[in-house]
Amino acid sequence: MYFSPALVLAALPFLVAAAPFEERSRNGISIPIAKRSGFRNANGAVDIAKLQAGRQLTVAKIWRGFEAFEKNTGAAHPSAPRLKRSTKRGNGNRLIDDSEQLWYGSITVGTPAVTYTVDFDTGSSDLFLPGSNCDSTCSGHTLYDPSSSSTSSDAGQKFELKYGDGSTVSGEQYTDTVTLAGFNATRQRLGVATTYSSGFQSDQFPADGLLGMGYESLSSYGASPVFQSLVSQGQVSTPVFSFYFAESGSELYIGGTNQALYTGPFTYMPVTTRGYWEGLFDSISVNGKTVFGRERAIIDTGTTQVIGDARSVQAIYDQIPGSKDAGDGTWTILRNFNTPISITFRGKAFEISPSTFNLGIASGSSDCVGGFGALDGLEFWIVGDVFLQNVYTAFDLGYDRVGFASLA
Ligand SMILES: *[C@@H]1O[C@H](CO)[C@@H](O)[C@H](O)[C@H]1NC(C)=O
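Parameters at a glance
- Every chain's residues receive numbers from 1 upward, in the order its sequence appears when written.
- With the structure being a predicted model, the display of local features is reserved for residues of pLDDT at least 70 and the display and counting of side-chain atom pairs for 80 or more, all residues being used for whole-chain, interface and lining totals.
- Side-chain metrics rest on all non-hydrogen atoms present in the structure, leaving aside hydrogens and water.
- Only runs of H or I of at least four residues qualify as helices and only runs of E of at least two qualify as strands under DSSP, and these elements are numbered from the N terminus.
- Per-residue accessibility, obtained with a 1.4 Å probe over protein chains only, is compared with the maximum for each type, and a residue is labelled buried under 20%, exposed over 50%, and partly exposed between these values.
- Pairs of N or O atoms within 3.5 Å make up the polar contacts considered here, provided that, within protein, one atom can donate a hydrogen while the other can accept it, and that residues adjacent in sequence are counted only when both atoms are side-chain atoms.
- In this analysis, two residues are considered to be in contact whenever any of their non-hydrogen atoms come within 4.5 Å of each other.
- UniProt positions are given in the numbering used here, feature names are shortened, and annotations may be inferred rather than shown by experiment.
- Disulfide assignment relies on a single distance test, namely cysteine sulfur atoms paired within 2.5 Å.
- If even one non-hydrogen atom of a residue comes within 4 Å of a molecule or strand, that residue is called near it.
- Surface exposure here means Shrake-Rupley accessible area, sampled with a 1.4 Å probe, where a residue is shielded only by the protein chains that are shown.
- Expected span of a helix, by definition, is 1.5 Å for each gap between consecutive residues, and there is one gap fewer than residues.
- Under the pairing criterion, centres of Phe, Tyr and Trp rings, with the six-membered ring standing for Trp, must be within 6.5 Å; the plane angle then separates stacked pairs below 30 degrees from edge-to-face pairs above 60, leaving the rest tilted.
- We treat two strands as partners when DSSP finds at least two bridges between them.
- Axes here refer to lines fitted to C-alpha atoms; in helices the fit is confined to the stretch in contact. Angles between the N-to-C directions go from 0 to 180 degrees.
- Both site types are read off a 1 Å grid over the protein atoms alone. A 1.4 Å probe that fits but cannot get out defines a cavity, while an open set with protein on both sides within 12 Å along at least five of seven lines defines a pocket; lining residues have an atom within 4 Å of a point.
- Grid points are joined across faces, edges and corners, and a volume is the space filled by probe spheres set on the points.
- Residue classes follow a fixed rule: Ala, Val, Leu, Ile, Met, Phe, Trp, Tyr, Cys and Pro count as nonpolar, while Asp, Glu, Lys and Arg count as charged, and any other residue, Gly among them, counts as polar.

A. Focus on the side chain of Asn390. With respect to the helices and strands, Asn390 occurs in the loop between α6 (385-388) and β27 (391-396). With a relative accessible area of 14%, Asn390 lands in the buried category. For Asn390, the side chain forms a polar contact with the main-chain oxygen of Val386, separated by 2.8 Å. Residue contacts for Asn390: discarding those within four places in its chain leaves Glu351, Ile352, Ser353, Thr356 and Leu407.

Structure follows, in C-alpha cells:
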C-alpha cells in the first residue's frame, strides 16, 4: 500500500487546469516561526560534540522514516540501503540531548482551542504533543488533555518513536481538530505522549511538540500528516507550503508562497520518492570549481547542517583555505572565511553565503565551525538550515517537487 500518491492523484484534476502556483498564492496564510540553536553553549560558542550528536539524531530520524516507509508501502525505501548500519546509531559518544537547530511556531488543538508550539520538520511526518498524563519528562510544556477537548477521540493505538540516544517518545494516538495558520484539520491523528525522551524536555526543547511535514508514507501512525489533511479536507486549495528562514521575520506559509519574500522564478527539484522531500542536486561547487556531481539529497528543515559522507565533505573542505578536520564529522574554518560555496539544482547554482556557512566560534578555539558536516558511510545528502537560509523554499505536494527561489 502506498498512501500519499492516492492523495496526490485525487488532487490532480484540479491542478492540471490551474495556473502555476505562484499565481494562485493569494489565499495562503503565513505564521511566524522562531529558531533555536541547540548546539550552542550558553556563551553562544558552537559545542562540536552537540553538533555531532545532532547529526546522529538526524540519522536516527531518517532511519525511522525508512522503517515506517517499508511498513506503510510494503517496499523498502530506495535510499535505505544507502544508509549504512554504521551510521544507524550513535558511535558510543557520551549521550547528548537533542541539539539540532529547529524552527518552531504555534498551532492550536482541540475544542476549545489550546495553543501549543511545535517544531516544523520536513524530515518526518507525524504530529505529537505531550499529554496531561505524561510523567515528569513533559514538565514545563503545555500539556494536551483529551478529556478537556470535545472533539478529541481516542484512536485506540499506541505509538513509540525511537530517538538516536535509545530513548523514546511514546504514548497513545488520538484524533482532534488541529488548526495551522487558521486552517482546520478535523479528525487529525496526533500522538499524545506519556513519556518524552530527554531531548524533548523543556530545558532542551522550547517547543511543546513536533509537526512532521513529510509525505504520509513516512508516518509511524500510518496516518495523514497535518498539511495533507488540510489539502484533502479542502481547507488549503494550493497544496504548497513554503519556508523563509532569516535572522528575523522567518515564516512558514501555508497554501502557496509569499511573493513578498522571493524574486524570480522557482527552480524545481522533482521528488524522486514520495517519502522525504528527496531528489537530486547537480553538483556542489567551491570557489567556482565543481567538487562533485549529481547526488541524492533530502531537504530537511529539522537539520542544522548540510550533511554528507565524510570523504565527500573532506573534498569540499580541501578547497577551503585554513579549514581543519576537528574530528567526528566536524570541520573548523578560519574566522575570516569567505569562500563561495554553492549547490546547483536543475542547472541553477544557489550560493551559500559565508555568514550562513560559518556557524560561529568553536567552543575553546579561535576558529569557527563550518556549515557542512559528515557522517561516515552516508550515501546521500541531508540538506538543512545552512543551505535553506539562503533560499525561499516551496514544498509542492501537488507536483511533487521542491522549489527554490532567490530571496527578495
Ligand atoms: C476553523 O474552525 C474555527 C472554529 O470552528 C472557525 O471559526 C474557523 O472559521 C475555521 N476556519 C476555516 C478556515 O474554516
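After presenting the structure, the write-up continues.
B. Structural context of the UniProt feature "active site" (unreviewed entry) in the chain. Sequence positions flagged by UniProt for "active site" (unreviewed entry) are, in local numbering, Asp121 and Asp300. With the annotated positions falling across 180 residues, the maximum pairwise C-alpha distance of 6.9 Å places them together in a single cluster. Not counting chain neighbours up to four residues away, the residues in contact with Asp121 comprise Lys61, Leu210, Leu211, Gly212, Met213, Gly214, Asp300, Thr301 and Gly302. You can see Asp300 is positioned in the loop between β17 (295-299) and β18 (306-308). Judged by relative accessible area, which is 0%, Asp300 ranks as buried. Setting aside residues up to four positions removed in sequence, Asp300 forms contacts with Thr58, Lys61, Asp121, Thr122, Gly123, Ile382, Val383, Gly384, Asp385 and Leu388. A distance of 2.7 Å separates the side chain of Asp300 from the side chain of Thr303, its partner in a polar contact.

C. Summary view of the state of the cysteines. One pass over the structure, following the stated rule, counts one disulfide. Put simply, Cys134 and Cys138 are joined by a disulfide, and their sulfur atoms are 2.0 Å apart. Disulfide Cys134-Cys138: torsion about the S-S bond near 70°, hence right-handed. Of the two residues, Cys134 and Cys138, neither departs from the other in class, the shared state being buried.

D. Local environment of the site of the ligand. Looking at the ligand, the residues that line it are Gly182, Asn184 and Gln235. One of the backbone N or O atoms of Gly182 is found 3.4 Å from a nitrogen atom in the ligand. Between Gln235 and the ligand, the recorded distance is 3.4 Å, taken from a side-chain N or O atom to an oxygen atom. Protein contacts shield 29% of the accessible area of the ligand, which totals 360 Å² for the unbound molecule.

E. Looking closely at helix α2 (residues 48-73). An ideal rise of 1.5 Å per residue puts 38 Å on 26 residues; α2 measures up with 38 Å between its terminal C-alpha atoms. Among the 26 residues of α2, 20 are classified as buried, and the element is accordingly described as predominantly covered. Positive backbone phi, approximately 80°, marks Gly74, located one or two places after α2.

F. How the structure looks around the packing of aromatic side chains. Taken as a whole, this structure holds 33 aromatic pairs when the rule is applied. Their ring planes at 45° and their centres at 4.7 Å tell us that Tyr215 and Trp277 sit as a pair that is tilted. With Tyr215 in the loop between β9 (209-212) and α3 (226-232) and Trp277 in strand β14 (residues 277-281), the pair connects residues that are 62 residues apart, well separated along the chain. Of the two residues, Tyr215 and Trp277, both sit in the buried class. Centre to centre, the rings of Phe241 and Phe243 are 6.1 Å apart; their planes meet at 90°, and the pair counts as edge-to-face. The residues Phe241 and Phe243 share a single accessibility class, namely buried. One aromatic cluster in this structure is built from Phe281, Phe292, Tyr317, Trp331, Phe337, Phe345, Phe350, Phe357, Phe372, Trp381, Phe387 and Phe404.

G. Here's a closer look at the sheet that holds β18. Taken in spatial order, the six strands make up an open sheet running β13-β14-β17-β26-β18-β25, and their pairing is mixed. Looking at which strands have only one partner, the edges of the open sheet turn out to be β13 (273-274) and β25 (372-374). Across the face of the sheet, helix α4 (residues 310-317) comes into contact with β18, β25 and β26 (381-383) while running at roughly 145° to β25.

H. Just the pairing of strand β20 (residues 330-333), in detail. On β20, burial covers both faces: Thr330 and Thr332 on one face and Trp331 and Ile333 on the other are all buried. Pairing of strand β19 (residues 324-327) with β20, which is carried by three bridges, proceeds in the antiparallel orientation. Paired with Lys324 across the strands is Thr332, a residue of β20. If you look at the hairpin formed by β19 and β20, you'll find two residues sitting between the two strands, and Asp328 has a positive phi there, around 55°. Note that β20 and strand β24 (residues 368-370) share two bridges and pair antiparallel. Across the sheet, the residue bridging to Thr332 is Val369, located in β24.

I. Here's a closer look at empty space enclosed by the protein. With the rule as written, the count across this model stands at four cavities of 30 Å³ or more. A volume near 100 Å³ is recorded for the second largest cavity. Counting residues per element, the lining of the second largest cavity draws most heavily on α2, at three residues. Its residues assigned to classes, the lining of the second largest cavity shows six nonpolar, five polar and three charged.

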